[in-house]
Amino acid sequence: MKLIDKIASRNPAKPFYTFEFFPPRTDQGFENLVARISRLLTLNPLTISITWGAGGSTKDRSLELAGLTQEEYAIDTVLHLTCTNMEQGSVNAALKEAKAHGIQNILALRGDPPRGKEEWIPIDPNFQHAIDLVKCIRSSPEFSDHFCVGVAAYPDGHPDSHLDLDTELNYLKQKVDAGADFIVTQLFYDVDRFFEWLKLVRAKGITVPVIPCIMPIQTYSSFLRLVKLCGIRVPQYIMDVLAPISHDDQLVKAYGINLAAEMVERITKENVVPGVQFCTLNLEKSVQRVLEILGWTGTSPTLHNRLIADTAGNIIHPPAYIDGTEFMVTPITATNSAAIGLASLPTSDTEAGRGELNNAASWDEFPNGRFGDYKSPAFGDQDHWGGPAMRNDEVSQWRRPKSLDDLTQLFLDHLHSKIATTPFSPGALSEESLLILKHLEKLTKRGWWTVGSQPAVDSASSSDIVFGWGPRSGYVFQKGFVEFFCTEEDVDEIERRVEEKGKGWVHWFAGDVKVHLTMDCETKSD
C-alpha cells in the first residue's frame, strides 16, 4: 500500500511511527537484521524504510532486503533510491525490481559521493538531483501510478550546500511540485528550530506530509560523528548533559532514549506532523524503550537489570534524570521487589538456560565497543544511511599522494593529528593509541603505514576515561596489536624475527591483494 494512502486512512488522533534500516556489511549481520526486523514489526510500525548505500554501494542488498520485508513479512516498505552512480538504465532496472517485489514507496535522494570521492559527480546528466528521480518516475507510464514518492528535507540545512534557507525551501517546493507525495527530514535535535523551519515550509505552499526523523543517541562517539557528518545543530544543553557522562556508554544510551522520547512527545502533541521516523542504526532496544516511554506499544515497559548499591561510599551515581528506578536500587528495595516478582512470576515456554528473555534483542546493544562484532547488523562506523562515516572535506586533506614518500607523510600527518582521517582510518587517533605513538611513528617512518593499533590492557575499569566502553562495573581486557602495510619481503623478515624472539607470545597474519593469507607459518588462499 502507498504510504500517502496509509497516512490518510489512519486515525489522525494517534501519531504513527516508521523504522529505518540499512543493509548490514556482512552476511551474518544481514541474517541477524532480518530477525531483528521481525521482532520490531510486533510494535506495529506504519512502514519501514531501507537505505541505499553511498554511491549505490548496497544496491543489491538494499533491493534484496526491501523485497524480503515487503513480500515475506508483508510490511509496506519504503526503498531509498539515489542518483549516485546511476543512469537511466540502472534507475529503470531498480524500479522494475522494486515493482516486481510489490514495493510501492520510493524515497528519492541525490545521494552522497562514493567513498573516497571529494565531490558528487553524476555519471548521467539526467540524474543530478533528487528532483530528476521524481520526474523520471512521474513521467513513466510504467511507474507513475504505481509508486508513492518521497523526498528529503534538511531543517538544519543541507550539509553540502552553502545556499540560504529560502533557496533550499524553493528547491524543496520544486521537488514536491514535480510529484513528491511526502517529505522525510534529516535527523535533528533542536525541536524549536524544527518548528520554525516547518512554518516556513508551509508558508511556501508545501502541503504534503512532513515526517521528522528521530535518532536516539547510541554512543557519544557515534553521535559526534553523525553530528559532524550531517551538519546538525545541537542545542548546548544537550552537549552539557552528555559531557560528564560521555565515557559511560550505558548512561549515554539512557539519556539518548529519554531525549528522543521527549522530542517525539513535543513534536507530535503540536499536531503539526502525522508521525515520526526512527533512525534505528539497525539496533532495536533504544527504539523499543522510546515507544514504551511514550506508551505507544500497548505493552508494559520492559524491566531492566539494576545495580544494587548503598547510597553511601564511593559509588558514582548517574545524574538525577537517570538515577532512581532505572539503573540503581538500594538493597532493601531490591529484596522487596524480588519477593513480589517471584510471587507473581508467570510460566514461560522459553527454552531453559537461554539467559535473559530478550537476549536476542540486546546482545549487541553496545555494538562498536572497541571494534564491534561482525555478526551484528550495526557492525562498523557509518552514517545514518548506512554509508561510511566520512565527509568530503576530510577526503580533500589527503592531497592526492603521488609517491611512497607522499603516502608515508600522509600517515605521519594522521599520527600527529594534522589530518583527521586516512583512506583506511575514518577518525582521528584514539587516546589509547597515543600511549604507543612513538612505536607507531617508528613503523610508519620505515614505510610500514599503520592503520589500526591498540596497547595491551589488563582489567581496566569499563568506566576508564581512555580504555573504558560499555556499561559501568565491567572490566576491559585486550591484546596489544598493530595493523600496517608492508612488502612481501618484510613479511618474510617478520616471520623470521617472530620465530627467533617471539617465544610463543607473538602471533601474526598477513594478506595480499590476491587474497592469499599467511599466518604463523600457515598459508591459505581462496
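Only a predicted model underlies this, so the values are computations on that prediction, with no experimental measurement involved.

Calculation criteria
- Here the residue index of a chain counts from 1 through its sequence in written order.
- In keeping with the model being predicted, local features are shown solely for residues with a pLDDT of at least 70 and side-chain atom pairs are shown and tallied solely at 80 or more, while totals for entire chains, interfaces and linings include all residues.
- The side-chain quantities take in all heavy atoms of the structure and omit both hydrogens and water.
- In this text, helices come from DSSP runs of H or I with a minimum length of four residues, and strands from runs of E with a minimum of two, each type numbered from the N-terminal end.
- Throughout, exposure labels follow a simple rule: accessible area from a 1.4 Å probe, protein chains only, divided by the maximum for the residue type, with under 20% read as buried, over 50% as exposed, and the rest as partly exposed.
- We call two residues in contact when some of their heavy atoms are within 4.5 Å.
- Note on areas: Shrake-Rupley with a 1.4 Å probe; residue coverage comes only from the protein chains shown.
- In this description, strands pair whenever DSSP reports at least two bridges between them.
- Expected span of a helix, by definition, is 1.5 Å for each gap between consecutive residues, and there is one gap fewer than residues.
- Each direction from the helix axis to a C-beta atom contributes to the arc, which is the arc of those directions.
- Lines fitted to the C-alpha atoms define the axes, with helices restricted to the stretch that makes contact. Angles between their N-to-C directions range from 0 to 180 degrees.
- Each angle receives one of four descriptions, namely roughly parallel if under 35 degrees, roughly antiparallel if over 145, roughly perpendicular if within 65 to 115, and oblique otherwise.
- Handedness of a crossing follows from how the near helix is turned relative to the far one, being left-handed for an anticlockwise turn of less than a right angle and right-handed for a clockwise one.
- Under this grouping Gly is polar, as are all residues other than the nonpolar Ala, Val, Leu, Ile, Met, Phe, Trp, Tyr, Cys and Pro and the charged Asp, Glu, Lys and Arg.
- Put simply, two rings from Phe, Tyr or Trp (the six-membered ring, in Trp's case) pair if the centres are within 6.5 Å, and we call them stacked under 30 degrees between planes, edge-to-face over 60, tilted for the rest.
- Either the NZ atom of lysine or the CZ atom of arginine qualifies as a charge over a ring when it sits within 6 Å of the ring centre and within 35 degrees of the ring normal.

It is worth spelling out the overall build of the chain at this point. When helices and strands are tallied, the chain shows 17 helices and 18 strands. Counting every position in the chain, which comprises 526 residues, the buried fraction comes to 47%. Taking all contacts inside the chain whose residues are at least 6 apart in sequence as the whole, residues at least 24 apart take part in 69%. In the form shown here, the chain has an accessible surface area of approximately 26,600 Å², with 53% of it arising from carbon and sulfur atoms.

The parallel open sheet is built from nine strands, whose spatial order is E7-E6-E5-E4-E3-E2-E1-E9-E8. Either end of the sheet is taken by a strand with one partner, and the two such strands are strand E7 (210–211) and strand E8 (213–214). When strand E4 (residues 105–109) meets strand E5 (residues 148–153), the two strands line up parallel, connected through four bridges. Residue pairing for E5: leucine 107 is matched across the bridge by glycine 150.

Moving on, we come to helix H2 (residues 27–40). Counted at 1.5 Å a residue, the expected span for H2 with its 14 residues is 20 Å, and the 20 Å between its end C-alpha atoms agrees. Along H2, the residues classified as buried are Gly29, Phe30, Leu33, Val34, Arg36, Ile37 and Leu40. In a view along the axis of H2, the buried residues occupy a sector of 165°, so they form one face of it.

This part covers the packing of H2 against helix H3 (residues 59–71). It is at 11 Å that the axes of H2 and H3 come closest, and there the two elements cross at 25°. Considering their axes alone, H2 and H3 lie roughly parallel with respect to each other. In this structure, the crossing between H2 and H3 has a hand that is right-handed. Residue-level contacts link Asp27, Phe30, Leu33, Val34 and Ile37 of H2 to Arg61, Glu64, Leu65, Leu68 and Thr69 of H3. Looking at the contact of H2 with H3 residue by residue, the class counts come to six nonpolar, one polar and three charged.

In this structure the tally under the stated criterion is 14 aromatic pairs. Between the aromatic rings of phenylalanine 143 and phenylalanine 147, the centroid separation amounts to 5.9 Å while the plane-to-plane angle is 45°, which identifies the pairing as tilted. As far as the burial class goes, phenylalanine 143 and phenylalanine 147 line up, both buried. An angle of 0° between the planes, with centres 5.7 Å apart, marks the rings of phenylalanine 411 and tryptophan 449 as stacked. Taken together, the residues phenylalanine 411 in helix H15 (residues 404–415) and tryptophan 449 in the loop between helix H16 (437–445) and strand E12 (450–454) connect sequence positions 38 residues apart. The pair phenylalanine 411 / tryptophan 449 is uniform in exposure class, with both members buried. Taken together, the ring pairs in this structure connect Tyr17, Phe19, Phe21, Phe278 and Trp296 into an aromatic cluster. One Lys or Arg, arginine 61, reaches over the ring of phenylalanine 30 and ends 4.4 Å from the middle of that ring.

A few words now on the pairing of strand E9 (residues 275–279). With five of its five residues buried, E9 lies for the most part within the structure. Burial along E9 is two-sided: Gly275, Gln277 and Cys279 facing one way and Val276 and Phe278 facing the other are all buried. Here strand E1 (residues 16–21) runs beside E9; their pairing, made up of five bridges, is parallel. Each residue of the ladder has a partner; that of phenylalanine 19, found in E9, is phenylalanine 278. With two bridges joining them, E8 and E9 adopt parallel strand pairing. Following the sheet pairing, cysteine 213 is matched in E9 by glutamine 277.

This part is about unusual backbone geometry. One non-glycine residue, asparagine 44, lies in positive phi territory at about 60°. Counting through the fold element by element, asparagine 44 comes out in the loop between H2 and strand E2 (48–50). Given the relative accessible area of 61%, asparagine 44 is considered exposed. Backbone geometry at alanine 74 places phi at a positive 55°, although glycine is not the residue there. Take alanine 74: it is sitting in the loop between H3 and strand E3 (77–82). For alanine 74, a relative accessible area of 66% translates into the label exposed.

The values reported here are purely geometric and, on their own, carry no functional implication.
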